[in-house]
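Inside the fold
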Amino acid sequence: MKIVIAGKNYIACEALRYIYDFLKINKLNYEIIAVPISSDNGEDTWQPSLLKTASLIGINIYNAIDEIYLCANDILISLEYDKIIKEKHLNNAKAFNIHFSNLPQYRGCLTSIWPIRNGETKAGVTLHVITPSIDDGPILDQFIFEIPEYYTAYDLYLAYNYNAFVLFKKNLHGILTGRYKIAEQCHELATYYKRNSIDFATLEVTNFNRGCIEVYNYVRSLIFPPYQ
């Protein structure tokens, strides 16, 4: 049996370490596989490298999910993986994702930006089943947390990573044993943002003919130092 961690950054690296220790302590017979994102060159930057983490532990590494022969007894968990996982590559394996939002709100991309720009006071991380559509699968578990009024997009992204790891640890045993319950999302309440919903090449804070709170939220939604 195989368990696959596909993704990047703190959440994927910490999850991989945790699974390695968890399986060893509990003497569970799984082959662990890591699938880093394509831009992961094995060096830690502001984002820890899953490729480096897997190499140090001695975990098998694949470049893409379609390179792995999965079957119904296997488990795949997507943790900030940057590609759409196709159903035909799963071959009936159980597949889960932790999405950085309080689904069904903020499906899609840029979930560190839009909640702040929209003046949300709460965000969340959601563990759900992967389905052919984007972020609309049944939910296993969810954790909602406050967005302080001083948070920037970068602060929110760090909070997502931390809380996602807590959610992962809480639910790992249930995923491995199949002892979990799922609940369908309320699709009528869903919101969705595409990757190109913001053009970062042309952004300029010029419109100040609006309320100060709206301007403040707009500005802090663009503060993400690693990219600036």
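Attention here is on the structure that accompanies the text. (Residues numbered from 1 in each chain as written. Predicted model: local features only at pLDDT ≥ 70, side-chain atom pairs only at ≥ 80, totals over all residues. Heavy atoms only, no water.)

Okay, the layout of surface pockets next. Considered as a void within the structure, the largest pocket measures approximately 1,200 Å³ in volume. Taken together, 39 residues make up the lining of the largest pocket; nearest its centre are Glu80, Gly108, Cys109, Leu110 and Arg195. Here the lining of the largest pocket gets three residues from one element, more than from any other, and that element is strand β5 (residues 94-99). The space that makes up the second largest pocket amounts to roughly 200 Å³. Lining the second largest pocket are 13 residues, with Ile37, Ser39, Asp40, Thr45 and Gln47 sitting closest to its centre. Here the residues of the lining of the second largest pocket sort into four nonpolar, six polar and three charged. (1 Å grid on protein atoms, 1.4 Å probe; cavity = no way out; pocket = protein on both sides within 12 Å on 5 of 7 lines; lining within 4 Å. Points joined across faces, edges and corners; volume = space filled by probe spheres on them. Helix = DSSP H or I, 4+ residues; strand = E, 2+ residues; numbered from the N terminus. Nonpolar A, V, L, I, M, F, W, Y, C, P; charged D, E, K, R; others polar.)

Running from N to C, helix α1 (residues 9-26) and helix α2 (residues 50-57) cross one another at 20°; their axes reach a closest spacing of 9 Å. Classified by the angle their axes make, α1 and α2 are roughly parallel. With respect to the hand of their crossing, α1 and α2 are arranged in right-handed fashion. Across the interface between the two elements, Ala12, Cys13, Leu16, Arg17 and Tyr20 of α1 pack against Leu50, Thr53, Ala54 and Ile57 of α2. Classifying every residue of the contact of α1 with α2 gives seven nonpolar, one polar and one charged. (Axes fitted to C-alpha atoms, helices over the stretch in contact; angles between N-to-C directions. Parallel < 35°, antiparallel > 145°, perpendicular 65-115°, else oblique. Left-handed = near helix turned anticlockwise from the far one by under 90°. Contact = heavy atoms within 4.5 Å.)

Now for the sheet that holds strand β1 (residues 2-7). The strands that make up a sheet are held in pairs by hydrogen bonds between backbone atoms, and each pair lies either parallel or antiparallel. Pairing is mixed in the open sheet, where seven strands are placed in the order β3-β2-β1-β4-β5-β7-β8. Each end of this open sheet is capped by a strand with a single partner; those strands are β3 (60-61) and β8 (139-146). As paired elements, strand β4 (residues 75-79) and β5 share four bridges and run parallel to each other. The partner of leucine 76 across the bridge, within β5, is alanine 95. Contacting β1, β2 (31-36) and β4, α1 runs over the sheet at an angle of about 165° to β1. Contacts from α2 reach β1, β2 and β3, with the element oriented near 155° to β2. (Pairing = 2+ DSSP bridges.)

What follows is about the nonpolar core. Judged by nonpolar contacts, the single largest core of 50 residues is most densely connected at Ile3, Leu79, Ile98 and Phe168. By residue number, the principal contributor to this core is helix α5 (residues 153-177), which donates 12 residues. Those residues within four positions of isoleucine 3 in sequence are excluded, and the remaining contacts are Ile19, Leu23, Tyr30, Glu31, Ile32, Ile33, Ile75, Ile77, Leu172 and Leu176. Grouped together as the second largest cluster of nonpolar side chains are 15 residues, Ile33, Ile68, Tyr81 and Ala95 included. (Core = buried A, V, L, I, M, F, W, Y, C linked by side-chain atoms within 4.5 Å. Buried < 20%, exposed > 50% of the residue type's maximum accessible area, 1.4 Å probe, protein only.)

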